[in-house]
Amino acid sequence: MSETLQLDPAKTAVVLIEYQNEFTTEGGVLHGAVAPVMDKTGMLDKTVALVAAARAAGVTIMHAPITFAPGYGELSRHPYGILKGVVDGNAFVKGTWGAAIVDSLAPADGDIVIEGKRGLDTFASTNLDFILRSKGIETVILAGFLTNCCVESTMRSAYENGYRVITLTDCTAATSPEEHDNAIAYDYPMFSIPVEASEVVAAL
């Protein structure tokens, strides 16, 4: 960015997408796939630091986990693409360790947990938009998994819905460095202001 980032904490929300053990933690079904990018960017530690700074500044912190009932009755009988991988791996089942939000980012008092995420776009099956508008939020800061999937889908909808969208390039991870880098280089600038977490912390 050529100009210094400006933020009004009262009108800003951080949306943490799928910081769940399946992705974040050794033993998670999908952890092995995202671990190389997580290690490359240091995304988990950077997210923890960013959330602490944002929370202290009065920014709204939102958690957007994805969960399914055992048997995945919420999905098509014949899932394909990324959701087929979720079903085949028996991932993100409600009440399991894998579906739980990682301990280092456990929701604190005052945080909001967005319920009902069943697909890629956080806006699609939840009341995220209603909550953001009710709270007078104008700027949405996105972080999480996957860079080129749920984060990107949510970014596009936030942009279409008229929010100022900031994406944290070093607080996201994909299943390969190539997919991660491609999304940030070519897609993120079209629908958001892509920055590193340190720029947001400095703006707070």
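It should be noted that the structure appears before, not after, this text.
Residues numbered from 1 in each chain as written. Predicted model: local features only at pLDDT ≥ 70, side-chain atom pairs only at ≥ 80, totals over all residues. Heavy atoms only, no water.

Undergrad: Kindly report on the overall build of the protein chain, identifying the contributing residues and their values.
TA: The secondary structure content of the protein chain amounts to eight helices and six strands. If you list the helices and strands of the protein chain from N to C, you get β-α-α-α-β-α-β-α-β-α-β-α-β-α. In terms of overall dimensions, the protein chain is globule-like: its C-alpha atoms have a radius of gyration of 16 Å, near the 17 Å expected for 204 residues. Here the C-alpha coordinates of the protein chain stretch approximately 45 × 35 × 30 Å along the principal axes. Residues counted as buried form 50% of the 204 residues belonging to the protein chain. For the protein chain, the proportion of contacts with a sequence separation of at least 24, taken over those separated by at least 6, is 79%. Looking at the protein chain as shown, the accessible area adds up to about 9,200 Å², and 52% of this sits on carbon and sulfur atoms. Positive and negative side-chain charges in the protein chain, numbering 13 and 25 respectively, have mean positions lying 6 Å apart. (Helix = DSSP H or I, 4+ residues; strand = E, 2+ residues; numbered from the N terminus. Rg over C-alpha atoms; globule rule 2.2 N^0.38 Å. Buried < 20%, exposed > 50% of the residue type's maximum accessible area, 1.4 Å probe, protein only. Contact = heavy atoms within 4.5 Å. Areas by Shrake-Rupley, 256 points an atom, 1.4 Å probe, with all protein chains shown as cover. Lys, Arg positive; Asp, Glu negative; His and termini not counted. Charge placed at Lys NZ, Arg CZ, Asp CG, Glu CD.)

Undergrad: How would you summarise the side chain of D121 if you had to cite specific residues and measurements?
TA: Considering the arrangement of structural elements, one finds D121 in the loop between β3 (112-113) and α5 (128-134). An unpaired buried charge is present at D121: no salt bridge exists, and K117, the closest side chain of opposite charge, is 7.5 Å distant. Of note is the side chain of D121, whose polar atom sits 2.9 Å from the backbone nitrogen of F123. In this structure the side chain of D121 is engaged in a polar contact, spanning 2.6 Å, whose partner is the side chain of S157. Excluding its chain neighbours within four sequence positions, the residues that come into contact with D121 are S153, T154 and S157. (Salt bridge = Lys/Arg side-chain N within 4 Å of Asp/Glu carboxyl O. Polar contact = N/O pair within 3.5 Å; in protein donor to acceptor, adjacent residues only side chain to side chain.)

Undergrad: Give a detailed account of helix α6 (residues 150-160), specifying residues and quantitative values.
TA: Residues of α6 that are buried include every one of C150, V151, E152, T154, M155, S157 and A158, and no others. Tucked inside the fold, the buried residues of α6 contact β1 (12-17), β4 (139-145), β5 (164-173) and α7 (177-191). G162, located one to two residues past α6, shows a positive phi value of around 95°.

Undergrad: Requested: an account of the side chain of D170, with residues and values cited.
TA: On the secondary structure map, D170 appears in strand β5. Overall, D170 belongs to the buried group, its relative accessible area being 7%. Polar contacts involving the side chain of D170 include one to the main-chain amide nitrogen of A197, which spans 2.9 Å. Sequence-distant contacts of D170, defined by excluding residues within four places in its chain, comprise T41, G42, M43, K46, V195, E196 and A197.

Undergrad: Pulling in residues and values, what's your account of helix α3 (residues 43-57)?
TA: An ideal rise of 1.5 Å per residue puts 21 Å on 15 residues; α3 measures up with 21 Å between its terminal C-alpha atoms. Burial in α3 covers these residues: M43, L44, T47, L50, V51 and A54. Viewed end-on, α3 has its buried residues packed into an arc of 120°, placing them on one side of the element. Among the exposed residues of α3, those pointing more than 90 degrees away from its buried face are D45 and A56. Downstream of α3 by a residue or two, G58 has a phi angle that is positive, lying close to 95°. (Expected span 1.5 Å × (residues − 1). Arc of directions from axis to C-beta.)

Undergrad: Please give an account of the packing of α6 against α7 that cites residues and values.
TA: Two elements in contact, α6 and α7, have axes separated by 9 Å at closest approach and are oriented at 20°. Put simply, α6 runs roughly parallel to α7. Contact with α6, carried on its side by V151, E152, M155, R156 and Y159, involves A183, D187, Y188, M190 and F191 of α7 and no other residues of that element. Of the residues contributing to the contact of α6 with α7, the split by class is seven nonpolar, no polar and three charged. (Axes fitted to C-alpha atoms, helices over the stretch in contact; angles between N-to-C directions. Parallel < 35°, antiparallel > 145°, perpendicular 65-115°, else oblique. Nonpolar A, V, L, I, M, F, W, Y, C, P; charged D, E, K, R; others polar.)

Undergrad: Describe the nonpolar core, naming the residues involved and giving the relevant values.
TA: Among the nonpolar cores identified, the biggest contains 63 residues, and Y19, M62, L132, F145 and V200 are the most heavily contacted of them. What F145 contacts, discounting residues up to four positions off in sequence, is I17, E18, Y19, F23, T24, V34, M38, M43, C150, V151 and A173. (Core = buried A, V, L, I, M, F, W, Y, C linked by side-chain atoms within 4.5 Å.)

Undergrad: Help me get a handle on unusual backbone geometry, residues and values and all.
TA: Omega for the bond connecting F145 with L146 falls within 30 degrees of zero, at -20°, which places this linkage in the cis form. Residue placement: L146 occurs in the loop between β4 and α6. Backbone geometry at Y72 places phi at a positive 55°, although glycine is not the residue there. Looking at the element boundaries, Y72 is found in the loop between β2 (60-64) and α4 (82-88). On the basis of relative accessibility, which here comes to 6%, the residue Y72 falls in the buried class. The backbone of N90 shows a phi angle near 55°, a positive value even though the residue is not glycine. Structurally, the position occupied by N90 is in the loop between α4 and β3.

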